Structures are given as structure tokens and as C-alpha cells.
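# Structure assessment
Each chain is listed here by its residues.
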Amino acid sequence: GGGGGSGRVSFDEAFSNLSVSSAPSAPPINGGLMPPRRSYSLYKPKDMPVAHQRALEYAECVVCFDNMWKEQAGVFCDARGRRTCPHFLHHRCALEVRNSNMGGKHCPVCRAEFVDVTEVPGIDDDPHEWFKIVDLNGDGRLSQREVVEVLKAQLPIDYRRLEAELPELWKTWDVNKDNIITHKELLEPNKGLLAYVKANFPRVDEDAIPDIRTDKHGWFNYFDYDKSGTLEQGEVVRALIKTFRLSEDHTRINSMREIVNAVWGVFDFDNSGSIEIDEFAQAGDGLADSIIASMGG
């Protein structure tokens, strides 16, 4: 669904007053004052597709919709190798965006321009290079938001618990109470915040996806996260990619988008961009059966 909500305060709202952005590469000037850090809100368009919102919320790559932690992560960067936005994609998917976007290279989430893609090393493989890349601002420090986003992208953890409990946990490592932690405070072996998260936030197994061929209502409700009774076109594409495990094949992902787009207009009578469950699940001539038939299933 594209609207509604559970009433739970979102992570964005909880940390709306915390800073997350660019600091100087040279020693501070102007009386020692640091310029303001870029806010994550700058990179979250108001018209972001619901499918992308879901992917970010559930720690998925916005291109293939598979769990981020399952593959090497990549970030977009400028000609000097500096990150151009805070978003993580699978490295192979970020390369696909770079190589296929002939009209200009833009992050598919925030539309920030980029020049190239940088691979994010594993946290344990090269901690120093990892921190350097993750540090969006290049100031040797990370905010709560920066820490959550990269851990969601790279570790199989219970990110919902982490988002809920991190504000209180942060106080233990944020010694000077400036809402920022250093390289050592995050990565110190056995004592840093990272070691604590790994040990105490194991990933919770996901429920199995209902079979779209035999349980269309159950399948629809599984992906209707806000229980609005509707799914937008992008949400249906994301759900089908996950259902048929197409994430590793960009050609099949693009074919799925084309199939859904081709049959969508027959069912979205008011051009709202969303479809109701009865229109989706109707036996014989609903959207679900049309998609299954188009796939040869």
C-alpha cells in the first residue's frame, strides 16, 4: 500500500534533529566553527516511489529488491572518489545503473548525480577503508544514522530492533555526547559498538512468501505492508521479483517490469497507479492471472 501506517515513529522522525553531513577536509576555520553537516533529508525526495521506500525500509537493494547484506555493497561517487549521496546498492546493481544510464548518471533513489561506483569492502576485511567510505562527510566520525544505514546494508541483523534501541545504546559509546562516534568507538575489537551489535542483534527469519498461483489473497496481503488494500505498480513489481527470485538477473528484472507495465492499464481504471486486492486476485481475469500467464506460468 502507498499510504497509511502502523503509528510507529519512523527512524527519520526519531532522528530528524541529528546531523549527518559534510565536514571540511581542511582544518576548521572561521573561529574553529565546523560547517553544518549535510542532512539525510536532502536525499529523500518527497515523490520517491513506494517500492523504493519499501526497499530502504526493509534493507533491500532498490534495483533488484534482494536483501542488501547478501551481496557486496556499492556507493556512488564523484570524479574524486567522494560519495555523492548516502544510499547503498548491491555493487553489481550500482554498476548496472552506471552502465545503462545513457541520459546521465543519477542515483535511482535521490537522483543525485554521480560519476562512478565504489565498492564497499566488508567491515572485517578492511576496517580502515570501510570506515573511510562509509564516512559520508570525510570527518572521521559517524552519526547514528550513518551507522544504522551501513549496518543494515552489510550485516544480517535485526535492524528494526537496532533502530529502536540504538538511541539509548549510543550513549554508552558517544563519550562526549555530541551524537557522533569515532573510528575507535565503533570498531574497537570486542568493545566497540559494532562488536556489540553483531553479538546482540541477530537477524530474525522472514515469513515465507505465499504462493501467488494458489493463494493470491494471501500473497497480496503479505506485500500490503500498511494493510491499505492496495498496491502500487512498483510495489507489485518488487513483490514479483522477490517471489520468483529474479534478483540475480537484471534482464529478467527488466522483463518483469515490462510485463507488469503492459497489463497494468487494463486493471488500473482510474489511473491512480494502484490496484485493489479484488482486481488483483479475481479468478481467471485478474491482474495476478494475467501476470502469471504472461510469464508462461
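In what follows, the structure referred to is the one given above.
First, a word on what this report is: a plain description of the structure on this page.

Calculation notes
Residues numbered from 1 in each chain as written. Predicted model: local features only at pLDDT ≥ 70, side-chain atom pairs only at ≥ 80, totals over all residues. Heavy atoms only, no water. Salt bridge = Lys/Arg side-chain N within 4 Å of Asp/Glu carboxyl O. Helix = DSSP H or I, 4+ residues; strand = E, 2+ residues; numbered from the N terminus. Buried < 20%, exposed > 50% of the residue type's maximum accessible area, 1.4 Å probe, protein only. Lys, Arg positive; Asp, Glu negative; His and termini not counted. Polar contact = N/O pair within 3.5 Å; in protein donor to acceptor, adjacent residues only side chain to side chain. Axes fitted to C-alpha atoms, helices over the stretch in contact; angles between N-to-C directions. Left-handed = near helix turned anticlockwise from the far one by under 90°. Contact = heavy atoms within 4.5 Å. Nonpolar A, V, L, I, M, F, W, Y, C, P; charged D, E, K, R; others polar.

A complete count under the given rule lists 18 salt bridges for this structure. A salt bridge links Asp124 to Lys198; the shortest N-O distance between them is 2.8 Å. Pair noted here: Asp124 is in the loop between strand E3 (116-120) and helix H4 (127-134) and Lys198 is in helix H8 (residues 193-200), with a separation of 74 residues, a long-range link. Glu165 is paired through a salt bridge with Arg161; the nearest N and O atoms lie 3.1 Å apart. Of this pair, Glu165 and Arg161 both sit in helix H6 (residues 159-173), four residues apart, which is roughly one turn of that helix. You can call Arg161 partly exposed: its relative accessible area is 30%. The structure contains a network of salt bridges with shared partners spanning Arg54, Glu57, Arg160, Asp226 and Glu235.

Here Ala59, not a glycine, exhibits a phi torsion of approximately 60°, which is positive. Among the secondary structure elements, Ala59 is positioned in the loop between helix H2 (50-57) and strand E1 (73-77). The phi torsion at Arg111 lies on the positive side, around 70°, for a residue other than glycine. With respect to the secondary-structure elements, Arg111 resides in the loop between helix H3 (91-100) and E3. On the basis of relative accessible area, Arg111 is assigned to the partly exposed category, the value being 48%.

Looking now at the side chain of Arg83. Within the secondary structure, Arg83 sits in the loop between E1 and strand E2 (89-90). Despite its burial, Arg83 pairs with no opposite charge, the nearest such side chain being Glu146 at 6.0 Å. A polar contact is formed between the side chain of Arg83 and the backbone oxygen of Cys85, at a distance of 3.5 Å. Polar contacts involving the side chain of Arg83 include one to the main-chain carbonyl oxygen of Ile133, which spans 3.3 Å.

Our focus in this paragraph is the packing of H6 against H8. In the contact formed by H6 and H8, the axes pass within 12 Å of each other and the chain directions differ by 145°. H6 and H8 meet at a crossing whose hand is right-handed. Touching Arg161, Leu162, Leu166, Leu169, Trp170 and Trp173 of H6 are Leu193, Tyr196, Val197 and Asn200, all from H8. When its residues are assigned to classes, the contact of H6 with H8 shows eight nonpolar, one polar and one charged.

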